[in-house]
Structures are given as structure tokens and as C-alpha cells.
Amino acid sequence: MTGTAWAVAAIVALMLVLAIEDRGGERITAAQMTATATVGYQSPPAIITDWPQGGHSVRLPHAPTPLWAPRIHAAPEDLPTQITWYALQVPPLPDAGQQLYLYIPRWKSDGTLAIYADGQLIRQSHANLQWNGSNQPLWIALPRTATSHPPARLDLRLQHVRGIGGAFSSVWIGDYHQLAPRYFARDLFQVRLPAFSTVAFLATGVFALFVWFSRRGERIYLLYFLTSAVCFLRMLHTFVGGEPLVLSDAWFGWVTVNSTFWMMLALHLFVAELHRVRQPRLTAAIVVIGGGWGVVTLPGMLDPTMIAAPIYANMLTLGLLVTFNGIRQSVRAGSRFALLLSTWCLVTVMAGVYDLGLQQNLVDIESVYFTNFTGVGFTLLFWYIMLSRYIEALATATQAKADLARRLAQREVELTASHTRLREVENRELLHQERQRLMQDMHDGLGSTLVTALRAFENDRATNLDAVDILRGCIDDLKLTIDSMEPVETDLLLLLATLRFRLQPRLEAAGVKLVWSVGEAPPLEWLDQRHALHILRILQEAFANILKHAGAREVAVAVRVEGDQVVVRVQDDGRGFDPARSSGGRGLANQRRRAEAIGGVIRWEPSGQGSILALILPVQKPQRAIVIRS
């Protein structure tokens, strides 16, 4: 809601209050006023025994123009004061036996207010009230006399600083239905609504303070709290004061005066945070001027009541400076929120000028303070600004989330495409490596056997060769190469079973019995096709040596787990041999190198008959690997 809308709302509320004033009841507008000069403040008597004499007739509301004159003594007991009596004759009222009430819309006094009905004290305000409770309407149930009739006379006693206090609105007498709408409407708009909005503003400010504790980099939450705190102090005098406070009257008056400067400083900093233009010189000027008046008006120094004129002049000048500067900077920066708040500050300054006229009795005393409504406007305006910023932050976060999701989706597509290309490259590389391995294996195995046979036939040694045995060796090499291409999935027993399936027919054809004693074995995570071929070659060479040289009748294969190793033992009952004395040829050397390539060890163990070959394989990944090219 804009500042103009709030001003319209305030005018409508005022018109509503004034319209309710016409609901009936007796309005007393004439009184006999008597003034007596005093020093300091005295408690009002409980009973009037000596009626004030003399005086003159006045019309209510009665609000004389204040006579500002600085005093030497600021202490309450030394101040020149004045007691003003207003004697009101109660007109004859229809007596239907209903409870009658006294309703006073406005009154002004920097001292005490005492109300008497037929000489009996029926209400007394807080004594020595430096900053009076004139903002609070009075609602008093009138006592009845011994004959059950309403009181015939009302006396109002005001004690105030001489020349600047004492003013009274008209007085209403009637029953509940006549006066309650008037009283509660004025009390709502004049007291309750400003009080509620100020307390609610402070409550949200405390919440913002806790938010700032967790987000120290965002000063706007701290400034929001400080603004709500000084706004609460500034508006405090509008809904308290009828009863004694925790603070003394002197300190409460000091807070009331200086909170206006604090409010200017807080609003200036908050607006600067919105339009992002730092003005340290203006900030320093506000601090110096406000701090100076804060020192001058300390209790025991100069009474703020006595130096109101220069204070008001400084407030008006500084308020206009801060307001127009905020508007100018907001327009330059294009900050909608800062401009809105600065404009409302200008409305508040204009309302303050009107309220100053009301305080100086230049405006009808039965009017209301407009700054009460601008205080409500500040509460709603700050809520609107913070809510809008919160909604904008949510929208920004939502947009950022959507952008992030879009970028992530785009990146995911790129990564998927890159992964696909890498998989293709990897597959081509694996295929290339597999081709090279197969070529190397066929060269080292089948190719070597065929070359050896070819050279023997070329050298006329074919009669010494067993062509069938050579062809079987070639076929075995080819089968081993093919078997190594099958996935073994870390299963050593599956690999050995494949070897048994290939070699057992050949062993049986040679009259050699195969005894298979294989137990449980853990999976070998490092076992792949390349390592599988090494194991098959090692065991193929062992069986070939047994068939060629051992003359064995039985071969036993056993697999056992020993610690963190798996041991494959091949034992025959043939002639046996001593590996230390045997030249071994290339076969034994190839077996050792293949075992080293897979991180294993070849060992020939002693035996009473025949020989025992032990292939020791690690369960964990081998520490080293050697490329064998035989």
C-alpha cells in the first residue's frame, strides 16, 4: 500500500471516530476555570473542603497557547507550576437507574490529573508525569449520591508547568450505550492500534535479529531489528503513561525525545541498505546532532520541556534532509522499496508537523495524532518490504534451481556422450589388445610348435618326429588359446575344470590315470583372461613334460588354500627329476616367468617317487606383472 493510501485510511479512520461522536449523551462545553501558581508538584486532596474561588468562564475544549520560556531549575521540585481547576455543572439527566459514565476524549498535562464528583476524588493519574498520557481517553464510572442521583458537580484538577501545560477537551456524560462506541473507537484508533502494530513490529524485529545471527553478511536483518526497536521506543508514549513506569519520568522523557533522532538514523541506514548508496557524512551528521541533543537532554541537564522549540526545529530540518535525500538516492538507484519507504517518511514528517500543531494547541485538541497512524504504516510497510524481498529471493532461488537443473541436464547429456565415446574407444582398445594377445599367444604356442616341426622336416629329421604328437600339441595350444578367451569371473576351479576337460582324453589315450582332488578355493579378483592363459600354459607345460619324460602311470592334481595363497599341486609317479641339475630348456624358464607375471611362484617339491610341481597363487591382487613373450 502506498503512502497516499495510508493517508486516506487515516482520514477515513478519523472520520469514523468523529461520526461516532454523534451517538447521544450530554456534552459539557462550559466550565469555570481557576488557576493558582505553585512550585513543584503536590498530591491532590482526597476531598475538596475549600472550593476554589474566583476564576472565569471558559469554553471546552480549552487549550491556551503555550508560553515557552526556559527555566533555570530543571528539577521537578523547583519548577514553577500551576494548578488549574475546571468546575463543571452537570445538567439534569434522565434517570432510568442506569450506570452513568464520564468520557473525556483528550486532556493535556505534564503533571497530575485529578477528577472529583461532588467533592470526592474518583480518579487520579500518575503524579509528575513528564510526558503526559493525554493520548489516552478517559472512561470513568460515576458514583451515585446517597439519594441515588448522578453527581451535580464535577471538578477537574490539573497541575502542570506554568505556561505550557493544561488543556482540556469537552466532557461527555451518559450511559454505556451512548458513550461506549465513542470511547472504544477512539481508544482503538488512538491507543490500541498503534500499540499492537508497534509490538508486532518489534516481535518481527526480534525474529529478524535471530536470522541475522545466522546470516551475518546480510545487514538488512540487523537494521530491521534496530528500526523496530527504536520505533517501539518512539511510539511508547502513545499507549503508556497513565500508570507509573519502570523508568523514572525524567528518563522516560529523555527516551521519548531522543528516540525521534534514533528513528531518523535507523530509517536512513535501512533506506541506504535498500538503494545501496553509502553516505557516511550524512550518517555522521545524524549521529552528531542526535548525540548532542541526547547529552543536552540527559536528566539533570536541561529539561526537554523547556527547550522544545530548538529540538523541534532540529527534528524538522533533519527529518526533511533525510527524507528528500532518501527519495533522491532511491530514484537514482531505481530502488522501488527505498523510494516507497522514503516517501512514507515524508508523509510522517508532514504528519509530525500536524501533531506539533496539535501539541501546541494550534489544532483542535479533540483531534488525533497522525503519527500514530504513520507508525502503523511503518509496520505494514516494513512487513511488505521484507515479504517482497523474501518472495523475490524465493523466485531467484527457484530460477537458480531451474537453471542448475538445466545445466545439469545439459552436462549429463555431454557426459553421457563423452562416456559413450570413451566406451567406444575403450572397446576398440580392448579389442586391439585382445587381438595382440591372441596373436602373441598363437605365435608363442601354436606358431612355435609348427615352426619347430617345419624346421625338423626341412632338415630331414622327420623320421625322428611323431607327427601325430606334434599335431596334438598344436591342437592343444589352439584349444588353450580358445579356452583363455572364455570368461572365468575370478573362478580358479572353473578354469581348472576346463583344463581337465581338455587334457583328460589325451592322458587316458597315453595310459595315464588322472586323479582330481580339488577342494574349495576363494575367488581370485585379479584373475582375468590374460592371467588365465598364463595358468593354463604353466599347467600345460607340466602335463607335457610328464607325458614326454616321466613315464608316469598316474597324475594327481590337488588344490588347497594355505593362508592367503592358493596352491595347485601336480604330482606324478614317474621317474622324476632334479630341477637344480636339469638344464630344463625353455619350458621350465617359461613356467617361472609366467608365474612371476601373475604374481605367483613355481616350486618343485621333493617326493619319494616321481615329481611334484606346486603353482602358488596369491588371493589378493598381484603386486607386479610381467609381460611374457616366449
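Residues numbered from 1 in each chain as written. Predicted model: local features only at pLDDT ≥ 70, side-chain atom pairs only at ≥ 80, totals over all residues. Heavy atoms only, no water.

**Student:** In this structure, what is going on with the overall build of the protein? I would like to understand it.
**Tutor:** Secondary structure assignment for the protein yields twelve helices and 17 strands. Buried positions account for 45% of the 630 residues belonging to the protein. Total accessible area on the protein is roughly 32,300 Å²; 61% of this is exposed by carbon and sulfur atoms. (Helix = DSSP H or I, 4+ residues; strand = E, 2+ residues; numbered from the N terminus. Buried < 20%, exposed > 50% of the residue type's maximum accessible area, 1.4 Å probe, protein only. Areas by Shrake-Rupley, 256 points an atom, 1.4 Å probe, with all protein chains shown as cover.)

**Student:** Sorry if this is basic, but what is going on with the packing of helix H3 (residues 219-235) against helix H4 (residues 249-275) here?
**Tutor:** When two helices pack together, their arrangement is given by the angle between the helix axes and the distance between those axes. It is the contact of H3 with H4, at a shortest axis distance of 8 Å, that shows an interaxial angle of 155 degrees. Looking at the two axes, H3 sits roughly antiparallel to H4. Crossing geometry of H3 relative to H4 is assigned as left-handed. Contact with H3, carried on its side by Arg219, Ile220, Leu223, Tyr224, Thr227, Val230, Cys231, Leu233 and Arg234, involves Val255, Thr256, Ser259, Thr260, Trp262, Met263, Ala266, Leu267, Leu269, Phe270, Glu273 and Leu274 of H4 and no other residues of that element. Its residues placed into classes, the contact of H3 with H4 shows 14 nonpolar, four polar and three charged. (Axes fitted to C-alpha atoms, helices over the stretch in contact; angles between N-to-C directions. Parallel < 35°, antiparallel > 145°, perpendicular 65-115°, else oblique. Left-handed = near helix turned anticlockwise from the far one by under 90°. Contact = heavy atoms within 4.5 Å. Nonpolar A, V, L, I, M, F, W, Y, C, P; charged D, E, K, R; others polar.)

**Student:** It is not clear to me how the pattern of salt bridges should be interpreted in this structure. Could you clarify?
**Tutor:** Two side chains bearing opposite charge may form a pair once their charged atoms approach each other closely. In the structure shown here, the tally under the stated rule is twelve salt bridges. Between Arg192 and Asp187 there is a salt bridge, with the nearest N and O atoms lying 2.6 Å from each other. Taking the shortest distance from any N to any O, the salt bridge between Glu218 and Arg215 comes out at 2.4 Å. When its relative accessible area of 43% is taken as the criterion, Arg215 is described as partly exposed. (Salt bridge = Lys/Arg side-chain N within 4 Å of Asp/Glu carboxyl O.)

**Student:** I would appreciate a short explanation of the sheet that holds strand S8 (residues 120-124) in the present structure.
**Tutor:** Consider a sheet: its strands pair through backbone hydrogen bonds, and that pairing is either parallel or antiparallel. As summarised here, the arrangement of the six strands in space is S3-S2-S4-S10-S7-S8, forming an open sheet in which the pairing is antiparallel. Every other strand in the sheet has two partners, leaving strand S3 (56-59) and S8 as the edge strands with one partner each. Each neighbouring strand pair of the sheet contributes to a mean axis angle of 30 degrees, computed without reference to strand direction. Of the strand pairs in this sheet, strand S2 (residues 30-39) and strand S4 (residues 80-89) are connected by eight bridges, and their pairing is antiparallel. Residue pairing across strands places Thr34 opposite Trp85, the latter belonging to S4. (Pairing = 2+ DSSP bridges.)

**Student:** Would you take a moment to explain the nonpolar core for this structure?
**Tutor:** In this structure, Leu492, Ile535, Phe543, Leu615 and Leu617 are the most contacted members of the largest nonpolar core, which totals 36 residues. If you list the elements that add at least two residues to this core, you get helix H10 (492-509), helix H11 (529-550), strand S14 (554-562), strand S15 (565-572), helix H12 (585-597), strand S16 (601-605) and strand S17 (611-618). Ranked by residue count, the leading element in this core is H11, at nine residues. (Core = buried A, V, L, I, M, F, W, Y, C linked by side-chain atoms within 4.5 Å.)

**Student:** Please clarify how unusual backbone geometry should be interpreted in this entry.
**Tutor:** Negative phi characterises most residues that are not glycine, and trans characterises most peptide bonds. Omega for the bond connecting Leu60 with Pro61 falls within 30 degrees of zero, at 5 degrees, which places this linkage in the cis form. Mapped onto the fold, Pro61 is located in the loop between S3 and S4. Phi at Asp118 takes a positive value of approximately 50 degrees, unusual for a residue other than glycine. Looking at where Asp118 falls in the secondary structure, it is placed in the loop between strand S7 (113-117) and S8. For Asp118, a relative accessible area of 33% translates into the label partly exposed.

**Student:** Whenever I open this one, helix H7 (residues 336-359) confuses me. Can you help?
**Tutor:** Since the α-helix packs 3.6 residues into each turn, any two residues three or four apart lie on the same face. Taking 1.5 Å per residue, 24 residues should reach 34 Å; H7 reaches 34 Å between its end C-alpha atoms and fits that length. At the N-terminal boundary of H7, the capping side chain belongs to Ser335, with an oxygen 3.3 Å from the backbone nitrogen of Ala338. Directly beyond the C-terminal end of H7, a positive phi value near 65 degrees is found at Asn361. (Expected span 1.5 Å × (residues − 1). Polar contact = N/O pair within 3.5 Å; in protein donor to acceptor, adjacent residues only side chain to side chain.)

**Student:** I tried to follow the pairing of S14 on my own but got confused; where do I start?
**Tutor:** Within a regular beta strand, the side chains point alternately toward one face of the sheet and then the other, so they alternate between its two faces. In this structure, strand S13 (residues 513-518) lies alongside S14, joined through six bridges in parallel fashion. Pairing of Leu514 across the sheet is with Val555, part of S14. With H11 bridging S13 and its parallel neighbour S14, the resulting β-α-β unit is left-handed. When S14 meets S15, the two strands line up antiparallel, connected through eight bridges. In the sheet register, Ala556 faces S15, and the bridge partner there is Gln571. Hairpin connection of S14 to S15: two residues between the antiparallel strands, including Gly563 at a positive phi of 70 degrees. (Right-handed = clockwise from strand over helix to strand, strands pointing away.)

**Student:** How should the packing of aromatic side chains be read in this particular structure?
**Tutor:** The way to describe two aromatic rings as a pair is by their centre distance and the angle between their planes. Here the structure, examined in full by the defined rule, presents 20 aromatic pairs. For the pair Tyr103 and Tyr183, a centre-to-centre distance of 6.3 Å together with 80 degrees between the ring planes defines the contact as edge-to-face. Here Tyr183 lies in helix H2 (residues 176-214) and Tyr103 lies in strand S5 (residues 100-104), a separation of 80 residues in the sequence. The pair formed by Tyr103 and Tyr183 is uniform in burial state, with each residue classed as buried. What links up through ring pairs into an aromatic cluster is the set Tyr101, Tyr103, Trp139, Tyr176, Tyr183 and Phe184. A cation sits over an aromatic face here: Arg182 above Trp172, 3.9 Å from the ring centre. (Phe/Tyr/Trp six-rings, centres within 6.5 Å; stacked < 30°, edge-to-face > 60°. Lys NZ or Arg CZ within 6 Å of the ring centre and 35° of its normal.)

**Student:** Teacher, can you tell me more about a nonpolar patch on the surface here?
**Tutor:** Among the surface-exposed residues, Leu387, Tyr390, Ile391 and Leu394 lie close enough to one another that they form a single nonpolar patch of about 410 Å² accessible area. Checked against the element boundaries, Leu394 lands in helix H8 (residues 371-458). Overall, the relative accessible area of 42% leaves Leu394 in the partly exposed class. (Patch = residues over 30% accessible without salt bridge, like charges linked within 9 Å, V, L, I, M, F, W, Y side chains within 5 Å.)

**Student:** Help me understand the sheet that holds S5 in this model?
**Tutor:** One open sheet accounts for four strands, arranged S1-S12-S5-S9; its pairing is antiparallel. Among the strands making up the open sheet, the edge pair consists of strand S1 (26-28) and strand S9 (138-141). Between one strand and the next, the sheet's axes are offset by a mean angle of 20 degrees, whatever the strand orientation. Strand direction decides the pairing type here: S1 and strand S12 (residues 171-175), joined by three bridges, are antiparallel. Paired with Ile28 across the two strands is Val171, which belongs to S12.

**Student:** Looking at this model, I keep getting lost on the side chain of Arg106. Mind explaining?
**Tutor:** Assignment of secondary structure puts Arg106 in the loop between S5 and strand S6 (107-108). Asp355 provides the closest opposite charge to the buried, salt-bridge-free Arg106, at an N-O distance of 7.9 Å. (Lys, Arg positive; Asp, Glu negative; His and termini not counted.)

**Student:** What am I meant to see in the environment of Leu88 here?
**Tutor:** Along the chain, Leu88 falls in strand S4. For the pair formed by Leu88 and Gln32, sequence separation is 56 residues and the distance between their alpha carbons is 6.8 Å. When residues no more than four places from it in sequence are discounted, the contact partners of Leu88 are Ile28, Ala30, Ala31, Leu60, Ala152, Arg153, Leu154, Leu156 and Val171.

**Student:** Would you mind going over the packing of H2 against H3 with me for this structure?
**Tutor:** Put simply, H2 and H3 touch, their axes get as near as 8 Å, and they point 155 degrees apart. When the interaxial angle is binned, H2 and H3 end up roughly antiparallel. The interaxial crossing formed by H2 with H3 has left-handed handedness. Of the residues in H3, those in contact with Pro194, Thr198, Val199, Phe201, Leu202, Thr204, Gly205, Val206, Ala208, Leu209, Val211 and Trp212 of H2 are Arg219, Tyr221, Leu222, Tyr224, Phe225, Thr227, Ser228, Ala229, Cys231, Phe232 and Met235. Here the contact of H2 with H3 is composed, by residue class, of 17 nonpolar, five polar and one charged.

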